[in-house]
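Chain by chain, the residues run as shown.
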Amino acid sequence: MMNGMMNYMNLDFIYFIDAYEDIEQDLKKGTYNPFKELYQTDQFEDKCKDILELMISEATMAFERLPIIENAAIIRNILYGGVWNKYELVRQKRLEGRK
């Protein structure tokens, strides 16, 4: 069950970051994006960060319960750092594009 939860959270993150990164492009093209309504508010960045924090906290709790020994450091690096590095990279790119 825990392994399935990790896979689910990983896919959820990929979906989240893709939608977060592509929101402006999706709005221009008129394609679906789950953040379409949220993007129109002043709370977009804060809410997206809250969502990501919740997703990653769930994933890390599930991961820490698994009896993983091999590659645990790599997975921790992704969960505790890599996810946030990707998020910040996309966020900074967006903020620079608005200047």
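Parameters at a glance
Residues numbered from 1 in each chain as written. Predicted model: local features only at pLDDT ≥ 70, side-chain atom pairs only at ≥ 80, totals over all residues. Heavy atoms only, no water. Phe/Tyr/Trp six-rings, centres within 6.5 Å; stacked < 30°, edge-to-face > 60°. Buried < 20%, exposed > 50% of the residue type's maximum accessible area, 1.4 Å probe, protein only. Helix = DSSP H or I, 4+ residues; strand = E, 2+ residues; numbered from the N terminus. Lys NZ or Arg CZ within 6 Å of the ring centre and 35° of its normal. pLDDT = per-residue confidence, 0-100. Core = buried A, V, L, I, M, F, W, Y, C linked by side-chain atoms within 4.5 Å. Contact = heavy atoms within 4.5 Å.

Visitor: Quick one: what's the story with the packing of aromatic side chains, residue by residue and with numbers?
Guide: One pass over the full model with this rule turns up seven aromatic pairs. Relative to Phe-44, the ring of Tyr-39 has its centre 4.9 Å away and its plane inclined at 80°; by these criteria the two rings are edge-to-face. For Phe-44, a relative accessible area of 2% translates into the label buried. Centroid distance Trp-84 to Tyr-87: 5.8 Å. Interplanar angle 90°. Geometry classified as edge-to-face. Here Tyr-87 and Trp-84 lie together in helix 4 (residues 72-98), a separation of three residues that amounts to about one turn. Among the aromatic side chains, those forming a connected cluster through ring pairs are Phe-16, Tyr-20, Phe-35, Tyr-39, Phe-44, Trp-84 and Tyr-87. Here Arg-94 stacks its cationic end above the ring of Tyr-20, 4.2 Å away from the centre of that ring.

Visitor: Give a description of the confidence of the model for the chain that names residues and reports values.
Guide: Across the chain, the average pLDDT comes to 83, with 87% of residues at 70 or higher. Within the chain, the lowest mean pLDDT, 76, falls on helix 1 (residues 2-29), and the highest, 95, falls on helix 2 (residues 36-39).

Visitor: How would you sum up the nonpolar core? Please name residues and give values.
Guide: Counting residues in hydrophobic clusters, the biggest one holds 16 residues, and the most contacted among them are Phe-16, Ile-17, Tyr-20, Phe-35, Phe-44 and Leu-52. Of all the elements in the fold, those that place two or more residues in this core are helix 1, helix 3 (44-65) and helix 4. Among the elements that line this core, the one with the most residues is helix 1, at six residues. Discounting residues that sit within four places of it in the chain, Phe-35 has contacts with Phe-16, Ala-19, Tyr-20, Ile-23, Phe-44, Cys-48 and Ile-51.

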